[in-house]
Amino acid sequence: MTCAFRRFGVVLSVIALALLAAVATPNASAGSARAGIGDAQPAPSFAIRAGRVLTAAAEGPIEYAPGVIVVRDGVIESVGDRFTEIPRGMRVLDLSDATVVPGFVAASSGIVPRRRGVESVSAAYLAVDAHDPYADHRPLLAEGITTAHLGPGNHKLVSGQGAVVKLAGSDRVLNARADLSVNLRDEVDTPPRVERVLLIPSPDNEIKPSEPQRPGGRMTRLLGIDEALEASGDGSGWHERALAAAWDADRPLRVRADRAVDLNQAITLIERHDRDGYLVGGTEAAKLAEKIERARLGLVYTLRPGFDGVEDLGDDPDALEQDLRDLAAFEDLDLALTLDEREPLAMLRLAASMALRSGINEARALAAITRVPAELMGVSDRVGSIEAGKDADLVVFNGTPFDAASRPIHTFARGEHAWGLDDDPSSSGPVVIRAERVWIGPGNELANGELLIEDGKITSVGPRVARPRGARLIDGGPGSFATPGFIDAFGHLGLMGDENSPGAGVSLSRLLGPDREHERRVAAAGVTTVVQSPYRFSGSGSRLSAVKTSGPDRESRLVDDAAALGFDVRSLDPDDIAGRLKPRIEAGQKYVAKWTEYQTKLDEWKQARSSGEATESEVQVEEIEDEGSGPDPLTGTWQVSLVGDMLPDAIEGPVGINLDGTEFEGRVLHPRAAEIDHRIYGTLEDNLVSGTLEIDTGGQGYPTFEAELDGESMEGTLTFLGIQLEMTATRTSSDRVEFSLGPRKRRTTGKDGRPLPPKTEPDLEPMRAVLEGSATVAIRAGSAQQIDAALGVLRDEFDLPVVLIANEGFTGVRAASLAAKKVGVVAPRQIARSGWVGDEYRAELVPVLELRDAGVHAALGSRAEDGARSLPAAALYAVSLGLGPDEALALLTSDAAKIFKIDDRVGSLEEGRDGDVLLFKGHPMDPGSSLERVFITGREVKP
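Residues numbered from 1 in each chain as written. Predicted model: local features only at pLDDT ≥ 70, side-chain atom pairs only at ≥ 80, totals over all residues. Heavy atoms only, no water.

**Section: the packing of aromatic side chains**
What counts is decided by this rule: Pairing of aromatic rings covers Phe, Tyr and the six-membered ring of Trp, with a centre-to-centre limit of 6.5 Å; geometry is then stacked below 30 degrees between planes, edge-to-face above 60, and tilted otherwise. Each helix corresponds to a stretch of at least 4 residues labelled H or I by DSSP, and each strand to a stretch of at least 2 residues labelled E; elements are numbered beginning at the N terminus. Relative accessibility decides the category of a residue: with a 1.4 Å probe and only protein chains considered, values under 20% of the type maximum give buried, values over 50% give exposed, and everything between is partly exposed.
All told, the structure shown has nine aromatic pairs when counted by the stated rule. Relative to Phe 537, the ring of Phe 490 has its centre 6.4 Å away and its plane inclined at 90°; by these criteria the two rings are edge-to-face. On the criterion of sequence distance, the pair formed by Phe 490 in strand β22 (residues 486–491) and Phe 537 in the loop between β23 (527–532) and β24 (542–548) is long-range, its members being 47 residues apart. In this structure Phe 490 comes out as buried when scored by relative accessible area, which is 0%. What links up through ring pairs into an aromatic cluster is the set Tyr 591, Trp 595 and Tyr 598.

Shown next, in the form of structure tokens:
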């Protein structure tokens, strides 16, 4: 028996540890995640299903909506409509809400500094030499720019050779010698004289004076180029040889000019030497549009929108002023758009969108920053459009690319994920939801509205909300209707059929973890929150928690651990109901008083400390009195036995209990079990013994027990996390037991005088929440007399918030009194039935209509686990019987949230609420409507 006694003392800890191990083991299927496009080493082969694909192709379709892109080894294998074949087994990225465009090509940039040499004409300077192949260009990639031109500068007549590079990947250089950079601008005139310094002067190598350089002005610019070309023929110097090599290699001429007279010189230069080339700048190009067209020259029009400051033109009558309306004159030109080097390159897309003001369409504007610059710079075989055989340089937008509020959310460079969200786009980052109608709450509906969800919360609601970087746009389209997620006001989701009656100290939400299949079924039906209740309430009250139906972990799924404290009085005589409820309320009041006193002392201590007053330096203590004595129905020594499937043998041992009023405290008495000196405490109400075993469970709550007292014996159960043991006990002595109740003094302050909080009592925490106004009392009563008796205590005497969980036989006879007492009601599961109301037989009883007519806030509860998915159908049935469609929505959302005091989190689409949103086609209470999308805290739920 000695061994048995020891086991009795430690069995509770063993049970707790075993159960915790089981709970902590993750579900393999639930924990598995789909491959996201933000993987650390994304595969270069995948397919994209997009809501819209804009190809920017010169020939063939320029748009697929929806579209499919197949990428193999970083190269586009095929692009087409939604019927495009995707190879078996290939990873598919679902971007059905997004628009995919080619990576943007910047036809000029300030990525590398301009060359420093003083030579007015030199091809020896290579922009690629200043290029850092490992540079971090994420700010540009974040704006969709994947390819850029590197220039040696616009400050010399011939400044060097430009290059074209990618901004991500391991092999970035597309063309190291893409062009010969010529500049016909005022800035190139009157260059400095050139000093020819000899390393070893001698009589044969005399030191010559510095030499002047051309051009001295506009009239000598082309002459300076011609002289340099003529001098390059003898190959006498480094610069001359470099120019000859570039010229002989037929490098295209990239000529920068803005004024009409300079643009005319640029055309002359290219035509005179019969060279390939294109123009850059073009502020006054509209004046020469026909001539440029006849010369078949492309134009890189350089935009100066003033993003980086206002350009002051002063009173110069010859100052160049840009007019975007001039772009309309370039209808027949190969037009590319770029930004002046003084402007932030990241704003290329926004600048191009401003060009739409000239009348050019979206397709031409997109081509102007993708395909056309790639063609002019000779790299269109690799980049610039979404076509088979080209690099998979792709940008994913959360809306129309040229909408200023749209943002790139992902950027790919040759199939590799170069920038974007770190996880699956269906579940991470900011989300903007757009719908034709947004039902914010009763009487508050927005036409053509948007919601912004950030970090799981709604941060903005309106006709047009902000579009943060990386946000996805979910556009419901015509006929779309957005509502708050639905609430099951009384359900058993997650209990897996466990019909135990846990005490108030046990939180069912401790069972929460990653969502499981049956929970996702409920979420996919639109029920996003459940007021989770045990099947049966404990006699001393049971805790109800508000939880999400889907989420990756407990933290993300918990709304309110103690949304309500439930009591069931259906088996009690109405005259006995007060005796059941009042002791729990009074115990809660004493508990709250301790915390109120502590808070008062803490505030006084903080005030004294902030004002510099001295605080107590010695630890303060208080005496703990040992009250109560004498024999009673419970005090004494009890021989307790525990039996269960998880125990190989029955565990027996003595337990000492001392009863004081209606509360008791106890310990296991055998000396070999003293090392496990866990406190046992609880209450005796009539013949019902209910209590808690205070053991260390790693934060999972405490085991509880309930038993019926019958003379000198009791029978009941011990429960923890759904595991149940049968408990029997026989009293062997009625003498008051002497056992250590711990220290007889308790510290009340720290060394610095700071008050210490009172001991937390889990079984009283829900009542504390009720008394402090953050939770409600959920009462189950059968007859009208039981309802009146319960409300007489809860509402009339103690003024506590109450929700009535209505019986199936509930009628609206008491509706008026419920409204007067401001009692919320979870309507019966049966929406309509026939039956007697007093002496009248009614063929159709619809409690929700009677409650509505009386002005009672009501809600719908499934009283089921995954059967909660049929709750929206029950609301639709109520509409068919006369309930207003918006009233039915209130039943499922705002009213349910209000009566359980969780409306600060759920139940409406107001700012600050959780991002629980349902997206319908049609009004949710129309029989023909369909639920299209479900979001819980901004994460889309996939069935």
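**Brief notes about helix α17 (residues 847–854)**
Within α17, the full set of buried residues consists of Pro 847, Val 848, Leu 849, Glu 850 and Leu 851. Following α17 by one or two positions, Gly 855 adopts a phi angle in the positive range, close to 85°.

**Focus on the packing of helix α18 (residues 871–880) against helix α19 (residues 885–892)**
The criterion, for reference: Interaxial angles span 0 to 180 degrees and are taken between N-to-C directions of axes, which are lines fitted to C-alpha atoms, for helices over the stretch in contact. Left-handed describes a crossing whose near helix is turned anticlockwise from the far helix by less than a right angle; the clockwise case is right-handed. Residues are treated as being in contact if the distance between any of their heavy atoms lies within 4.5 Å. Each residue is assigned to one of three groups, with Ala, Val, Leu, Ile, Met, Phe, Trp, Tyr, Cys and Pro labelled nonpolar, Asp, Glu, Lys and Arg labelled charged, and all others, Gly among them, labelled polar.
Put simply, α18 and α19 touch, their axes get as near as 9 Å, and they point 145° apart. By crossing handedness, the relation of α18 to α19 is classed as right-handed. Contacts from Leu 871, Pro 872, Ala 875 and Val 879 in α18 reach Pro 885, Ala 888 and Leu 892 in α19. Across the contact of α18 with α19, the residue classes tally to seven nonpolar, no polar and no charged.

**Here's the deal with the pattern of salt bridges**
What counts here: Put simply, a salt bridge is a Lys or Arg side-chain nitrogen that is within 4 Å of an Asp or Glu carboxyl oxygen.
According to the stated counting rule, one finds 63 salt bridges in the structure shown. Measuring nitrogen to oxygen at the nearest pair gives 3.0 Å for the salt bridge that ties Glu 187 to Arg 114. Taken as a pair, Glu 187 in the loop between β9 (173–183) and α4 (221–231) and Arg 114 in the loop between β6 (104–106) and α3 (138–141) lie far apart in primary sequence, 73 residues in all. On the accessibility criterion, Glu 187 (41% relative accessible area) is partly exposed. A cluster of three or more residues bridged by salt bridges with shared partners is formed by Arg 114, Arg 185, Glu 187, Arg 256, Asp 258, Asp 340, Glu 341 and Arg 342.

**Some points on the nonpolar core**
Selection rule: Take the buried Ala, Val, Leu, Ile, Met, Phe, Trp, Tyr and Cys residues and link them wherever side-chain atoms come within 4.5 Å; each set so joined is a nonpolar core.
Counting residues in hydrophobic clusters, the biggest one holds 80 residues, and the most contacted among them are Val 255, Leu 279, Tyr 301, Phe 330 and Leu 337. Counting residues per element, this core draws most heavily on helix α6 (residues 260–272), which supplies six residues. Residues in contact with Tyr 301, not counting those within four places in the same chain, are Gly 281, Gly 282, Thr 283, Gln 322, Asp 323, Leu 324, Leu 327, Phe 330, Leu 335, Ala 336, Leu 337 and Thr 338. Counting residues in hydrophobic clusters, the runner-up holds 69 residues, among them Leu 572, Ile 779, Leu 860 and Leu 881.

**A short note on the sheet that holds strand β36 (residues 776–780)**
Adjacent strands of a sheet pair through backbone hydrogen bonds, lying either parallel or antiparallel. Stated precisely, the cut-off is as follows: Strands are labelled as partners when DSSP assigns at least two bridges between them.
Pairing is mixed in the open sheet, where eight strands are placed in the order β22-β23-β24-β25-β36-β37-β38-β41. Of all the strands in the sheet, just β22 and β41 (858–860) have a single pairing partner and so form its edges. Shown here is a sheet whose adjacent strand axes are inclined to one another by a mean of 25°, direction ignored. Bridge count for β24 against strand β25 (residues 558–568) is five bridges, and the pairing is antiparallel. What sits directly across from Ala 546, in β25, is Asp 560. Set on the sheet, α19 makes contact with β22 and β41; between it and β41 the angle comes to about 75°.

**Quick notes on the packing of helix α13 (residues 574–610) against helix α15 (residues 784–797)**
Short version of the rule: For classification, angles of less than 35 degrees are called roughly parallel, those exceeding 145 degrees roughly antiparallel, those between 65 and 115 degrees roughly perpendicular, and all remaining angles oblique.
One way to put it is that α13 packs onto α15 with a least axis distance of 9 Å and a crossing angle of 30°. Our classification of the angle between α13 and α15 gives roughly parallel. Where α13 crosses over α15, the handedness of that crossing is right-handed. Of the residues in α15, those touching α13 at Pro 574, Ile 577, Ala 578, Leu 581, Lys 582 and Ile 585 are Gln 785, Gln 786, Ala 789, Ala 790, Val 793, Leu 794 and Glu 797. Taken together, the residues that form the contact of α13 with α15 break down as nine nonpolar, two polar and two charged.

**Comments concerning α4**
Let me state the cut-off plainly: Here the arc refers to the directions that run from the helix axis out to each C-beta atom.
Among all positions in α4, only Arg 221, Leu 222, Gly 224, Ile 225, Ala 228 and Leu 229 are buried. One side of α4 carries all its buried residues, which in axial view fall inside an arc of 160°.

**Comments concerning the sheet that holds strand β34 (residues 723–733)**
In space, the eight strands of this closed barrel follow the order β27-β28-β29-β30-β31-β32-β33-β34, with antiparallel pairing throughout. In this sheet, adjacent strand axes meet at a mean angle of 30° when their direction is disregarded. In the sheet, strand β30 (residues 679–685) pairs with strand β31 (residues 688–694) via seven bridges, with the strands oriented antiparallel. Residue Glu 685 lies in a different strand from β31, and its bridge partner there is Leu 688. Strand contacts of α13: β29 (663–668), β30 and β31, with the helix running at about 140° to β30, the strand carrying the most contacts.

**Some remarks on the pairing of strand β15 (residues 408–413)**
The element β15 is largely enclosed, with a buried count of six among its six residues. Where strand β14 (residues 394–397) lies against β15, four bridges are found, and the strand directions are antiparallel. Residue Val 396 lies in a different strand from β15, and its bridge partner there is His 410. For β15 and strand β16 (residues 416–420), the ladder comprises four bridges, and the chain directions are antiparallel. The residue of β16 that forms the bridge with Thr 411 is Trp 419. In this antiparallel pair of consecutive strands, β15 and β16, the connection spans two residues, and Arg 414 shows a positive phi of 50°.

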